[in-house]
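Tertiary structure, described
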Amino acid sequence: MEELLRNLGVKAENMLMSFFAATIFVIIRIYEPEVPLSRRKVIYVITSGAATALLVPGLVVYWFKVDNAFMAGFATAVVVLSFEFIVQIIREKVIRKLKDKDDGTTIH
């Protein structure tokens, strides 16, 4: 596993910090609400946290050229906390486009 990460250019420390941060914030997102989450929502939160923990360290290393494990953990935490908000914004924009009567081909 470490050799695979090294071939991708990501240090094992970055991945470990990312998984640690994602685990903490996924647990917080599951147990924080006053109303318990449904089983489906819990699975969604866990899946999004795992996907974020896998993708963010590589993106931080490649896009921002930051090779710091704590920065990878911080970026993962930010993405885990804002993932649902970002998806909600994208979903609203897509639904608005689909419900819009004007398909963009008419000239006003």
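This structure is a prediction, so every number in the text was calculated from the model and none was measured. (Residues numbered from 1 in each chain as written. Predicted model: local features only at pLDDT ≥ 70, side-chain atom pairs only at ≥ 80, totals over all residues. Heavy atoms only, no water.)

1. Observations regarding the overall build of the chain
Quick reminder of the rule: Numbered from the N terminus, helices here are DSSP runs of H or I no shorter than four residues, and strands are runs of E no shorter than two. Relative accessibility decides the category of a residue: with a 1.4 Å probe and only protein chains considered, values under 20% of the type maximum give buried, values over 50% give exposed, and everything between is partly exposed. What sets the accessible areas is the Shrake-Rupley method with a 1.4 Å probe; for residues, cover comes only from the shown protein chains.
When helices and strands are tallied, the chain shows 4 helices and 0 strands. Reading the chain from its N end, one meets helices and strands in the order α-α-α-α. Looking at the chain as a whole, 25% of its 108 residues are labelled buried. Carbon and sulfur atoms make up 68% of the accessible area of the chain, which amounts to about 8,400 Å² in all.

2. A few points about the packing of aromatic side chains
Rule in force here: The criterion for an aromatic pair is that two Phe, Tyr or Trp rings (for Trp, the six-membered ring) have centres within 6.5 Å, with stacked assigned to planes under 30 degrees apart, edge-to-face to planes over 60 apart and tilted to the rest.
The full count for this structure, using the stated rule, is 1 aromatic pair. Taking the centre distance of 6.3 Å and the plane angle of 45 degrees together, the rings of tyrosine 44 and phenylalanine 83 count as tilted. Here phenylalanine 83 lies in helix 4 (residues 69–99) and tyrosine 44 lies in helix 3 (residues 39–64), a separation of 39 residues in the sequence. You can call tyrosine 44 partly exposed: its relative accessible area is 30%.

3. Quick notes on the nonpolar core
Note that soluble globular proteins tend to have their nonpolar side chains buried in a common cluster. Our working definition: To define a nonpolar core, start from buried Ala, Val, Leu, Ile, Met, Phe, Trp, Tyr and Cys residues and group those joined through side-chain atoms within 4.5 Å. We call two residues in contact whenever any of their non-hydrogen atoms come within 4.5 Å of each other.
Judged by nonpolar contacts, Ala22, Val26, Ile30, Val45, Ala53 and Val80 together constitute the single largest core of 6 residues. Secondary-structure elements contributing two or more residues to this core are helix 2 (12–31) and helix 3. Among the elements that take part in this core, helix 2 stands out by supplying 3 residues, more than any other. In contact with valine 26, other than residues within four places in its own chain, are Val45, Ile46, Gly49 and Val80.

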